[in-house]
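# Observations on the model geometry
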Amino acid sequence: MSKNLSIVNKDLKEERDKINFNVEEFTNWFYGGAEKVKEKKYIENYFLSDKDLNLELDTSYLSYKDKYEEAVRRSIVVYKKLYKLHNEMGGTHEDFVKIMENLRFTMGAINPEGNPFVLHFSMFALTIMNMTNDEQKAEWLPRIFNCNILGTYAQTELGHGTYIQRLETTATYDPKTKEFTLNSPTLTSYKWWPGNLGHTVDHAIVMAQLYSQGKCHGIQPFIVQLRDSETHKPLPGIDIGDIGNKVGFQTVNNGFLGFKNVKVPYKNMLMKNSKLLEDGTFIKPKNAKLNYGTMVIIRVHMIIDAACRIAKATTIALRYSLVRRQSPINPNEIEPKIIEHITQQNKIFPGIAKAVVFKCMADYLTKLHLSITQEGNTGNLARMPELHALSCCLKAVCTNEDAKTVEVCRLSCGGHGFLRSAGLDDVYRNSTAAQTYEGENTVMLLQAARFLIKSFNEARNGGSLTEGVKYLFDFIGRNGKREIFDNSINGILRAIQAAAAGRTYIAWKHIEDDKRHNSIEVATNLAGVHLTKAAELHGYVCLLQVGIEEIEKIIRNVSPALGLVFKNILELFAVDLILNKIGDVIQHVDISNEDIEKLEKQMETLFKFFRTSAIGVVDGFDFSDPIIDSTLGSYDGNVYENLINAARKSPLNQEDVNRTFHLYIKPFMKSNL
Ligand SMILES: CCCCCCCC/C=C\CCCCCCCCCCCC(=O)SCCNC(=O)CCNC(=O)[C@H](O)C(C)(C)COP(=O)(O)OP(=O)(O)OC[C@H]1O[C@@H](n2cnc3c(N)ncnc32)[C@H](O)[C@@H]1OP(=O)(O)O
Ligand SMILES: Cc1cc2nc3c(=O)[nH]c(=O)nc-3n(C[C@H](O)[C@H](O)[C@H](O)COP(=O)(O)OP(=O)(O)OC[C@H]3O[C@@H](n4cnc5c(N)ncnc54)[C@H](O)[C@@H]3O)c2cc1C
């Protein structure tokens, strides 16, 4: 960690002196090994030390346009260096991905309101890598990799983001000219939201309804040039621009795009999955949802992003809570560090546990994604629905938890948490954006619920179930009897499983009852609230189950002292979860008031133990000061100095008297109204 060289606040130092495990060992786990930590630190420093970035400039005070222009300038500084570093490292694709992964945090510090090239280096490149045939790869990948062209992923339209089957942009094939003609037939068919589209990129993957031989063949991906490669002017027939101010993502340059008779050559339809012969004959893919593959990759990726946002927010909240003193607990004693208030521990400690468990889940899901993708490459698509359901479910549960936790961290910093310089607002904006992009969270939960209901039917009919939903068999096997609670980690898991299965049963029954007088679709809609609750509970089951399995493995491989910290974290996660879901649990589990009181007591004991480890764990997340970028969360804990220094940098403080005094205030005061 690049630590601030200033003197560390004595309260914070005192906390660090009490840490009883090896923080570096934790960091090594969090980043996947000592070598990876070294790489991360090297890459971080390689970029952040560049004076050309001018990181002294606080971009939050700039206008919308200036913010965008500065974000483009800084990004180009970074990407030039990225290619230099890539060459130095050896120049393989793996090296590139390694730098990109480490750049994620660094980019956040450089462009706190978003990266105007992020879609090029993620969805655009990934779609070309995964949805093209060999000739297309050969044509496009080098140009993308060398940034000779810059692209985005243009799917969402003004009228449709969720129900992508009904996108309205058309691509009509003419076998005579061997061209597609792209059109936006209505206002609602305008592309709307794609990141980097407004003024940055010159190409896009455009999702459009393919028409050939007089028939519509559903949405297909096309690579479309939007702007002239020399002048950057929109090409004829292209109506393009920025969608304007948003809640966050101010420098991502989300855009709109309309087509009027735009010609696209035959070779630009991405043909790995669906195929169109030159004569216009359409050949269906093995599974129509293969064209949704890039969304699945990003959803998987979003779990680690959620974990890291929580890690960052809890680092800020905890460091601040260890140096802030207020309100004596015992009137005769000095004001304690605010962390001594148990409600403060309740706000922050479960968040730290979530960051760790989400990280376990991200690792698990990344491996699962890889193995299912490899099966898919051999033509075996059997596990695609399972991966889709799981990635939708966890994308929703983890980003919802992420936004909630970051907001609680902000509240835990009191008034100062509301300052921009506290660093929590950009984290929150990114968390809340993630609840919507890549599939709105309710919709994601409903997708997961479809899988649960199918699995429930399968279980009732004695069929086979995938590993993650086998707990539905236990519910059916109990034949209406409630699960008996036992207060162990596995007991808590069984209780959450019983609640998830019970809620799935309620949703299933709701649908079955309604089906008598309604279509299955209407019945499913009426059961929607139960379905989303079932899917959410299923997401927690997955998190706890994977958390238990992964942490048991970790404990076997780390020192006993760190093992105890992991055990503590897992228990914190589990007990916090069951207490938060107690209403659902009570419905399906035989749990007494005494059991609940015991759990509440257990939480207090867990807090007590975690009290000494907490600072070690957040230090172990290893966010350097430029990355944490927070007056409240810097390593040295010199909060009050940081706050006053940041306030002095306000543009209003650069002069004693602002001109509005002479222009408006003074005349007003002298006017006697
Ligand atoms: C230059 C070098 C680069 C190197 C690369 C470096 C790599 C870096 C890697 C990562 C970096 C990450 C950085 C991240 C930055 C990201 C910024 C992102 C910005 C945001 C982008 C977006 O938002 S893009 C737009 C996203 N849009 C959505 O998500 C739309 C949501 N809607 C849907 O997904 C679908 O419409 C739907 C799933 C909700 C419904 O689809 P549909 O209507 O077609 O389905 P049906 O209802 O008819 O049927 C459901 C049926 O289909 C099955 N199914 C659906 N989807 C899938 C799937 N994907 N796979 C498998 N199966 C699927 C579903 O299970 C149902 O099955 P049933 O059996 O019928 O139940
Ligand atoms: C910051 C940001 C970045 C984005 N970047 C991109 C990008 O790069 N490229 C791109 O193509 N798109 C992008 N998007 C678009 C994004 O993917 C969509 O906004 C998202 O998928 C939600 O779709 P929608 O806007 O149509 O919401 P809607 O579907 O209109 O949602 C509105 C409400 O209706 C509800 N609803 C809709 N359908 C159902 C249903 N079937 N059942 C129950 N409730 C339902 C939702 O739950 C929600 O409450 C971005 C969006 C944001 C916010």
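Just so we're clear, the structure is a prediction, and the values are computed from it rather than from any experiment.

### Section: the overall build of the protein chain
- Looking only at helices and strands, one finds 22 helices and 13 strands in the protein chain.
- Judged by the C-alpha coordinates and their principal axes, the protein chain covers about 90 × 75 × 65 Å.
- Counting only residues that meet the buried cut, the protein chain has 45% of its 673 residues in that class.
- Contacts in the protein chain between residues far apart in sequence, at least 24 positions, make up 76% of those at least 6 positions apart.

### Some thoughts on the UniProt feature "domain: Acyl-CoA oxidase C-terminal" (unreviewed entry) in the protein chain
- The positions that UniProt labels "domain: Acyl-CoA oxidase C-terminal" (unreviewed entry) are, in the present scheme, residues 489-670.
- Helix makes up 80% of residues 489-670 and strand 1%, with an end-to-end C-alpha separation of 71 Å.

### A closer look at the site of ligand 1
- Not every one of the 33 residues close to ligand 1 is listed here, only the nearest: Ala-125, Tyr-292, His-388, Tyr-437 and Gly-439.
- Only helix H5 (93-110), helix H6 (120-131), helix H7 (134-145), helix H8 (293-323), helix H10 (384-412) and helix H12 (441-460) provide two or more residues apiece to the shell around ligand 1.
- It is H6 that contributes the most residues to the shell around ligand 1, five residues altogether.
- For the shell around ligand 1, a count of residues per class yields 20 nonpolar, ten polar and three charged.

### Looking at the site of ligand 2
- The full set close to ligand 2 counts 22 residues, and Gln-155, Thr-156, Gly-161, Thr-162 and Thr-442 are the nearest of them.
- Sort the elements by how many residues they give to the shell around ligand 2 and H12 lands first, with three residues.
- Partitioning the shell around ligand 2 into residue classes produces ten nonpolar, ten polar and two charged.

### Examining the sheet that holds strand E8 (residues 255-259)
- With antiparallel pairing, three strands are arranged side by side in an open sheet as E4-E8-E7. Sheet topology places strand E4 (191-192) and strand E7 (238-242) at the edges, where each strand pairs with a single neighbour.
- Of the pairings in the sheet, the one linking E7 to E8 comprises five bridges and is antiparallel in character. What sits directly across from Gly-241, in E8, is Phe-256.

### So, the domain arrangement of the protein chain
- Domain annotation for the protein chain reports domain 1 (121-285) and domain 2 (463-625).
- Computed over C-alpha atoms only, the centres of domain 1 and domain 2 are separated by 42 Å.

### A look at helix H4 (residues 64-89)
- If you check H4, its first and last C-alpha atoms are 37 Å apart, about what 26 residues at 1.5 Å a residue would give, namely 38 Å.
- Among all positions in H4, only Tyr-68, Ala-71, Arg-74, Ser-75, Val-78 and Leu-82 are buried.
- Looking at the buried side of H4, the elements it contacts are helix H3 (34-48) and H5.
- Once H4 finishes, Gly-90 follows within two positions and takes phi at roughly 135°, a positive value.

### A few points about the pairing of strand E5 (residues 203-212)
- Within E5, eight of the ten residues are buried, leaving the element largely enclosed by the surrounding structure.
- Sheet topology places strand E1 (residues 151-154) next to E5; four bridges connect them, and they run parallel. What sits directly across from Ala-154, in E5, is Val-206.
- Strand direction decides the pairing type here: strand E2 (residues 170-174) and E5, joined by three bridges, are parallel. Bridged to Thr-172 within E5 is Tyr-211.
- Across nine bridges, E5 lies against strand E6 (residues 215-225) in antiparallel orientation.

### Things to note about the environment of Arg-460
- Mapping Arg-460 onto the fold places it in helix H12.
- Residues Arg-460 and Leu-472 lie twelve residues apart in sequence; the distance between their C-alpha atoms is 8.9 Å.

### Points about the UniProt feature "binding site: FAD" (unreviewed entry) in the protein chain
- As annotated by UniProt and renumbered to match this structure, "binding site: FAD" (unreviewed entry) occupies Thr-156 and Gly-195. In three dimensions, the annotated residues from a span of 40 residues occupy one location, with a maximal C-alpha spread of 10.6 Å.
- Turning to its location among the elements, Thr-156 is positioned in the loop between E1 and E2.
- The exposure class of Thr-156 is partly exposed, given the 18 C-beta atoms found within 10 Å.
- Leaving out residues up to four positions away in the same chain, Thr-156 has contacts with Gly-161, Lys-191, Trp-192, Trp-193 and Pro-194.
- Mapped onto the secondary structure, Gly-195 falls in the loop between E4 and E5.
- With 26 C-beta atoms packed within 10 Å, Gly-195 lands in the buried category.

### Quick word on unusual backbone geometry
- Backbone geometry at Gln-213 places phi at a positive 50°, although glycine is not the residue there.
- For Gln-213, a count of 12 C-beta atoms within 10 Å corresponds to the exposed category.
- One non-glycine residue, His-232, lies in the positive phi region at around 70°.
- Mapped onto the secondary structure, His-232 falls in the loop between E6 and E7.

### Concerning the packing of H4 against H5
- Where H4 meets H5, the closest approach of the two axes is 11 Å, and the angle between their N-to-C directions is 150°. By the angle between their axes, H4 is roughly antiparallel relative to H5. Viewed along their axes, H4 and H5 form a crossing whose handedness is right-handed. Listed contacts from H5 to Arg-74, Val-78, Leu-82, Leu-85, His-86 and Met-89 of H4 are Asp-95, Phe-96, Ile-99, Leu-103, Met-107 and Ile-110.

### Re the packing of H6 against H8
- Across the interface, H6 lies against H8 with an axial gap of 9 Å and an inter-helix angle of 125°. Considering the angle they form, H6 stands oblique to H8. Like other packed secondary-structure pairs, H6 and H8 cross with a definite hand, here right-handed. In this structure, H6 uses Ser-122, Met-123, Leu-126, Thr-127, Asn-130 and Met-131 to contact H8, whose residues at the interface are Gly-293, Thr-294, Ile-297 and Ile-298.
- Looking at side-chain class alone, the contact of H6 with H8 contains five nonpolar, five polar and no charged residues.

### Side note on the environment of Tyr-664
- Here Tyr-664 is to be found in helix H22 (residues 659-670).
- Judged by the 10 C-beta atoms lying within 10 Å of it, Tyr-664 is exposed.
- A sequence separation of 320 residues divides Tyr-664 from Gln-344, and the C-alpha atoms of the two residues are 45 Å apart.

### As for the confidence of the model for the protein chain
- Looking at the protein chain, pLDDT values average 96 and 99% of them are 70 or higher.
- Here H5 stands out as the least confident element of the protein chain, with mean pLDDT 89; E8 is the most confident, with 99.
- Here the prediction assigns the complex a pTM of 0.97, and the interface score ipTM is 0.97.

### Quick word on the nonpolar core
- Formed by 137 residues in total, the largest nonpolar core has its most connected members in Ile-303, Phe-358, Met-361, Cys-393, Ala-448, Ala-495 and Ile-496.
- With residues near it in sequence (within four places) discarded, Ile-496 still touches Leu-537, Tyr-540, Val-541, Leu-544, Leu-577, Ile-578 and Lys-581.
- Formed by 43 residues, the second largest nonpolar core is a distinct cluster that contains Ala-125, Trp-192, Ile-219 and Val-262.

Reading the values: rules and limits
- Residues numbered from 1 in each chain as written.
- Chains lettered and ligands numbered in written order.
- Predicted model: local features only at pLDDT ≥ 70, side-chain atom pairs only at ≥ 80, totals over all residues.
- Helix = DSSP H or I, 4+ residues; strand = E, 2+ residues; numbered from the N terminus.
- Buried ≥ 20, exposed ≤ 12 C-beta atoms within 10 Å, placed from the backbone.
- Contact = placed C-beta atoms within 7 Å.
- UniProt positions renumbered as here; feature names shortened; annotations may be inferred.
- Near = placed C-beta within 6 Å.
- Nonpolar A, V, L, I, M, F, W, Y, C, P; charged D, E, K, R; others polar.
- Pairing = 2+ DSSP bridges.
- Domains from an automatic or database assignment.
- Expected span 1.5 Å × (residues − 1).
- Axes fitted to C-alpha atoms, helices over the stretch in contact; angles between N-to-C directions.
- Parallel < 35°, antiparallel > 145°, perpendicular 65-115°, else oblique.
- Left-handed = near helix turned anticlockwise from the far one by under 90°.
- pLDDT = per-residue confidence, 0-100.
- Core = buried A, V, L, I, M, F, W, Y, C linked by C-beta atoms within 7 Å.

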